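Structural characterization, general
Now for the letters of each chain:
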Amino acid sequence: MKGPKEFRPSPGLADLANLIRFPAALSVPGDVLAGAVAAGGTPRPRIVATMASSVALYWAGMALNDYADATVDAVERPERPIPAGRVARRTALATACGLTAAGLGLAALAGGRRALSVTLPLTGLVWAYDLGLKSTPAGPAAMAGARTLNVLAGAEPGRRATAVPAALLVGAHTYTVTALSRHEVSGAPRAVPVATLAGSTATALAAAALPALRRGGRAARVGAAVGALGYIASYGTAQARAAREPSAANVRQAVGTGIMSLLPLQAALTAAGGGTGLAGVLAVAHPLARRLARKVSPT
């Protein structure tokens, strides 16, 4: 006698949006844009394909994260799509594989082998983080490395060295967010948000100082300063709250705010490179991203 068939949920769009943390992807294109502008050039039309590649890889990482963490999430985060029974675990893996293939294909379309020289190691870091490094001391560095490479993906080959300062600042920010994210469930020792707040403050100051190092004009200096101020006002406030009361709820709030606060940081870096108009677009997108994050959690 045959046993009952295993239930395989057919996920809806809302379930898949939760799986891939849909609104968090709004923090991704700005990496590529900041890298392109920092490299000293006006972004070319093919940068759209590079941005789409980065978004696909980001979403792949989110789906792979839930696939890898299904057992842990069943205890710690039962509301997530897989433990809640809204998405099958194999569907999450298939989604991650499909989005990874799309990301690599779009990168090849945007820049061929030269683009893949950055996108392949970026992809490797994403998969290594989700499948093995996430719970190790190397986890935050791996995620920071992925975001650093994402900025460099926007720079034209041969000019990537000039985008390194911007890439390192995005990586430094990502390190703080990833370090905080390890304490979203149980809360953090007070020293953790205190340390990440110091790191993000240093990141904001460095971003504001970039135009002076690049001998940028007044518009670049003002734009970078405004973007850096918006970044630390948003992310810094959330971290200060977590430092005062490092509960799980406050740490989760700081992590979510940190993800979305990449937009004003990217705006500062884009302005520092001379792209003040494009920086304004990123600044305007920030409140939109925050509103969307209230509907679909970015963490």
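Attention here is on the structure that accompanies the text.

Analysis parameters
- Residues numbered from 1 in each chain as written.
- Predicted model: local features only at pLDDT ≥ 70, side-chain atom pairs only at ≥ 80, totals over all residues.
- Heavy atoms only, no water.
- Helix = DSSP H or I, 4+ residues; strand = E, 2+ residues; numbered from the N terminus.
- Rg over C-alpha atoms; globule rule 2.2 N^0.38 Å.
- Buried < 20%, exposed > 50% of the residue type's maximum accessible area, 1.4 Å probe, protein only.
- Contact = heavy atoms within 4.5 Å.
- Areas by Shrake-Rupley, 256 points an atom, 1.4 Å probe, with all protein chains shown as cover.
- Lys, Arg positive; Asp, Glu negative; His and termini not counted.
- Charge placed at Lys NZ, Arg CZ, Asp CG, Glu CD.
- Axes fitted to C-alpha atoms, helices over the stretch in contact; angles between N-to-C directions.
- Parallel < 35°, antiparallel > 145°, perpendicular 65-115°, else oblique.
- Left-handed = near helix turned anticlockwise from the far one by under 90°.
- Nonpolar A, V, L, I, M, F, W, Y, C, P; charged D, E, K, R; others polar.
- Core = buried A, V, L, I, M, F, W, Y, C linked by side-chain atoms within 4.5 Å.
- Polar contact = N/O pair within 3.5 Å; in protein donor to acceptor, adjacent residues only side chain to side chain.

**Here we look at the overall build of the protein**
A tally of helices and strands in the protein yields twelve helices and zero strands. In the protein, the order of α-helices and β-strands from amino to carboxyl end is α-α-α-α-α-α-α-α-α-α-α-α. Relative to a compact globule of 299 residues, whose C-alpha radius of gyration would be 19 Å, the protein shows 19 Å and is just as compact. If you line up the protein on its principal axes, its C-alpha atoms span 80 × 50 × 35 Å. Classification of the 299 residues of the protein by burial places 50% in the buried group. Pairs at least 24 apart in sequence give 75% of the contacts found in the protein among residues at least 6 apart. Roughly 13,500 Å² of accessible area belongs to the protein as shown, and the carbon and sulfur atoms make up 65% of that amount. When the 30 basic and 12 acidic side-chain charges of the protein are each reduced to a single mean position, those positions are 10 Å apart.

**Overview of the packing of helix α7 (residues 164–181) against helix α8 (residues 191–213)**
Here α7 crosses α8 at 165°, and the two axes come no closer than 9 Å. Considering their axes alone, α7 and α8 lie roughly antiparallel with respect to each other. Both α7 and α8 take part in a crossing whose hand is left-handed. Between α7, through P165, L169, A172, H173, T176, A179 and L180, and α8, the contact on the second element is made entirely by V192, P193, T196, S200, T203, A206, A207 and L210. The class makeup of the residues in the contact of α7 with α8 is ten nonpolar, five polar and no charged.

**What to know about the packing of helix α2 (residues 29–38) against helix α6 (residues 139–153)**
The interhelical angle for the contact between α2 and α6, taken along N-to-C directions, is 55°, at an axis separation of 6 Å. In terms of axis orientation, α2 runs oblique to α6. Crossing of α2 against α6: the hand is right-handed. Judged by residue contacts, D31, V32 and G35 of α2 engage R147, N150 and V151 from α6. When its residues are assigned to classes, the contact of α2 with α6 shows two nonpolar, two polar and two charged.

**Here's the deal with the nonpolar core**
Of all hydrophobic cores here, the largest spans 73 residues; its most connected members are Y58, W59 and L269. It is helix α3 (residues 47–68) that contributes the most residues to this core, eleven residues altogether. Sequence-distant contacts of W59, that is, excluding residues within four places in its chain, are made with I20, R21, F22, A25 and L99.

**Points about the side chain of E184**
For E184, the location among the structural elements is in the loop between α7 and α8. By relative accessible area, which is 7% here, E184 ends up buried. Here the side chain of E184 touches R77 through a polar contact of 3.3 Å, side chain to side chain. With sequence-adjacent residues up to four places away left out, E184 is seen in contact with R77, A248, V251, R252, V255 and T299.

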